[in-house]
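Spelled out from the first residue to the last, the chains are:
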Amino acid sequence: MQDGPLPILSVRPIRALVDEPFKVLVENLRPGSLVTLHSLHPSEDGDHLEAFGHYVSSQRGTVSVADDLSFGGTYSGKEPMGLLWSHRPVPGSRGDLRLRKMNSTTPMLVHISVYSGHLTGGFQDQVPLASVLTERWCMAPGVKRISVKEGNILGTLFIPPGPGPFPGLLDLWGTGGGLIEYRAALLASHGYVSFALSYMSDDRIPTDRTLFETGFNMVKNHPQVIPDKVGIFGLSLGAMITLYLTLESKVIKPACCVCIGGTHCFAHDDNSTLSDMLGDDSKVHVDENNHMVWRDITLPISTDVSRKLDLRKLDCPLLLVSGTDDQNVASVEAAEDMAQMIHAAGKDHLLTKLDYPDAGHVIQPPFTPHFRYSRFINASGQKLTVLWGGQTKPHSDAQEDSWKKILAFLQMHLCSSSRPRARM
């Protein structure tokens, strides 16, 4: 037990956006004390996730998570945000979980505690030396959230504080369905009018691209949006739709696009449906743990341009983000094929390609916990366990690095007046 003055635990900032780093500091420890820093997050689904690191206090009796080494736990080494990105379900939790923030108007609560000794479990049965409750927000103060239900359009619009005008984004997620708001809320916190569009549910599976074109134009025509500074941000199936709209739509013209974990490998025409994009499910297989592996659906990549989107037609800046251990989509192979097509057209200046070693499919904003596999309910209501891929540390590094580069890309192409030009 600690004798003398009680340890002091501080977290700064104690309230922050989910992509902002924090600093965790413990003071008033005895020099050379063995302590465990522990974080606990109660999710909206009623599950609990935890992370912890083992530290030794300095000669001054302090532990700084940003500066000191963790000697074990759910992460090791100098990892300033390890208490967040290494979160995992507490022992005894439901299996195959994945953390998804569904209520964008409330913070993620994270309890940070310091315990005596190097503990590996049973934290609920121990009394901490000190604890702090922190808040992690998707929405910055002043961001407006507006529910939209007009005709066949269902989604949520997020508007940054201030009069504007602002650049805009259409935000598209994947086959998981439902209305996922937290990325759009976070993008609005960075200055973009962002529209999270719901398009995959039991009664909402679009038969053509009209829904997405209408959603894009809803952003473009908003009085607080700069009409020629609207882009599309898509992940997984959302990335495929983003590419399809960018290359084939005669109705909309994005100023730039961000595609994470997508592919261009699907037959298409003016009447293509989402089912056409999902490919040949006869190539789906299960691994030794009975996890569904979908990446082979589009392999091998065809040399027949009629069986894939023609990236030679690209006419706006495109950012492709892929993980080399993506087990859901052959996104790295697809990105390389797209790069070759863009190069053949002399349009290298329009492409930015990021491939991350040992990262998986679901590359999200930084410090989001990594889940290699999780439960998944498809459009037919079937419950599956899907393998997303990735190793925790490199996947987390990919999320942190890619988010910085995504924000820089959006800043360059939606907030400046210049467009990229070909170089000799």
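The preceding data block contains the structure.
All of the points below concern the structure found in this document.

**Side note on the overall build of the chain**
1) Next: Along the chain, the regular secondary structure elements total 7 helices and 21 strands.
2) Next: For the chain, the C-alpha radius of gyration of 23 Å lies close to 22 Å, the compact-globule estimate for 424 residues.
3) Next: Dimensions along the principal axes, computed over C-alpha positions, put the chain at roughly 75 × 55 × 50 Å.
4) Next: Burial status across the chain gives 56% buried among its 424 residues.
5) Next: If you take every contact in the chain between residues at least 6 apart in sequence, the share linking residues at least 24 apart comes to 70%.
6) Next: Of the roughly 18400 Å² that the chain leaves accessible, carbon and sulfur atoms contribute 52%.

**Details of the environment of Asp358**
1) Next: The topology assignment puts Asp358 in the loop between strand E19 (351-356) and strand E20 (373-377).
2) Next: C-alpha of Asp358 to C-alpha of Asn103: the two residues are 255 residues apart in sequence and 30 Å apart in space.
3) Next: Among residues more than four places away in sequence, those in contact with Asp358 are Thr324, Asp325, Gly390, Gln391, Pro394 and His395.

**Here's the deal with helix H2 (residues 182-189)**
1) Next: Within H2, 8 of the 8 residues are buried, leaving the element largely enclosed by the surrounding structure.
2) Next: Within the span of H2, buried status applies to Tyr182, Arg183, Ala184, Ala185, Leu186, Leu187, Ala188 and Ser189.
3) Next: Tucked into the core, H2 has its buried residues touching strand E2 (15-17), strand E11 (153-159), strand E12 (166-172), strand E13 (193-197), strand E14 (225-235) and helix H7 (392-414).

**Structural notes on the nonpolar core**
1) Next: Within the largest apolar cluster, 45 residues are counted, with the highest numbers of intra-cluster contacts made by Leu172, Phe195, Leu197, Tyr199, Ile232, Leu311 and Leu318.
2) Next: The element contributing the most residues to this core is helix H4 (residues 237-248), with 8 residues.
3) Next: Contacts of Ile232, omitting those with residues within four sequence positions, involve Leu169, Leu170, Leu172, Phe216, Thr242, Leu245, Ile252, Pro254, Cys256, Cys257 and Val258.
4) Next: Counting 41 residues, the second-largest nonpolar core is a separate cluster that includes Leu169, Ala196, Cys256 and Val321.

**Comments concerning the packing of aromatic side chains**
1) Next: Within this structure, the stated rule accounts for 8 aromatic pairs.
2) Next: Arranged with centres 6.3 Å apart and planes meeting at 75°, the rings of Tyr244 and Phe266 form a pair that is edge-to-face. One end of the pair, Tyr244, is in helix H4; the other, Phe266, is in the loop between strand E15 (257-260) and helix H5 (274-278), with 22 residues separating them in the sequence. Take Tyr244 and Phe266: they sit in the same class, and that class is buried.
3) Next: Both rings, one in Trp294 and one in Phe376, keep their centres 5.5 Å apart while their planes meet at 80°; by these two values the pair is edge-to-face. Taken together, the positions of Trp294 in the loop between strand E17 (292-293) and strand E18 (318-323) and Phe376 in strand E20 put the pair 82 residues apart, joining distant regions of the chain.

**A few points about the environment of Pro160**
1) Next: With respect to the element layout, Pro160 can be found in the loop between E11 and E12.
2) Next: The class of Pro160 is buried, set by a relative accessible area of 4%.
3) Next: Separated by 44 residues in the primary sequence, Pro160 and Ser116 place their C-alpha atoms 44 Å from one another.
4) Next: Non-local contacts of Pro160, meaning those with residues more than four positions away in its chain, are made with Gly142, Val143, Phe166, Ala188, Gly191, Tyr192 and Val193.

**What about the environment of Glu333?**
1) Next: Tracing the backbone shows Glu333 in helix H6 (residues 331-344).
2) Next: The spatial distance from the C-alpha of Glu333 to the C-alpha of Leu350 is 19 Å, given a sequence separation of 17 residues.
3) Next: Not counting chain neighbours up to four residues away, the residues in contact with Glu333 comprise Arg295, Leu299 and Ile301.

**Some points on the pairing of E12**
1) Next: Within E12, 7 of the 7 residues are buried, which leaves it mostly tucked inside the rest of the structure.
2) Next: Relative to E14, E12 runs parallel, the two sharing 6 bridges. Residue pairing in the sheet places Leu172 in a bridge with Gly234 of E14.

**Some thoughts on the sheet that holds strand E8 (residues 108-116)**
1) Next: Here 6 strands make up an open sheet; going across it, the order is E2-E9-E8-E4-E5-E7 and the pairing mixed. Strands at the two margins of the open sheet, each flanked by one partner only, are E2 and strand E7 (88-89).
2) Next: Here E8 pairs with strand E9 (residues 130-137) via 7 bridges, running antiparallel. The residue bridging Val110 from the neighbouring strand is Thr134, located in E9.

**Topic: the side chain of Asp47**
1) Next: Residue position: Asp47 is located in the loop between strand E4 (34-42) and strand E5 (48-56).
2) Next: In contact with Asp47, not counting residues within four places along its chain, are His41, Pro42, Arg94 and Leu97.

Parameters at a glance
- Residues numbered from 1 in each chain as written.
- Predicted model: local features only at pLDDT ≥ 70, side-chain atom pairs only at ≥ 80, totals over all residues.
- Heavy atoms only, no water.
- Helix = DSSP H or I, 4+ residues; strand = E, 2+ residues; numbered from the N terminus.
- Rg over C-alpha atoms; globule rule 2.2 N^0.38 Å.
- Buried < 20%, exposed > 50% of the residue type's maximum accessible area, 1.4 Å probe, protein only.
- Contact = heavy atoms within 4.5 Å.
- Areas by Shrake-Rupley, 256 points an atom, 1.4 Å probe, with all protein chains shown as cover.
- Core = buried A, V, L, I, M, F, W, Y, C linked by side-chain atoms within 4.5 Å.
- Phe/Tyr/Trp six-rings, centres within 6.5 Å; stacked < 30°, edge-to-face > 60°.
- Pairing = 2+ DSSP bridges.

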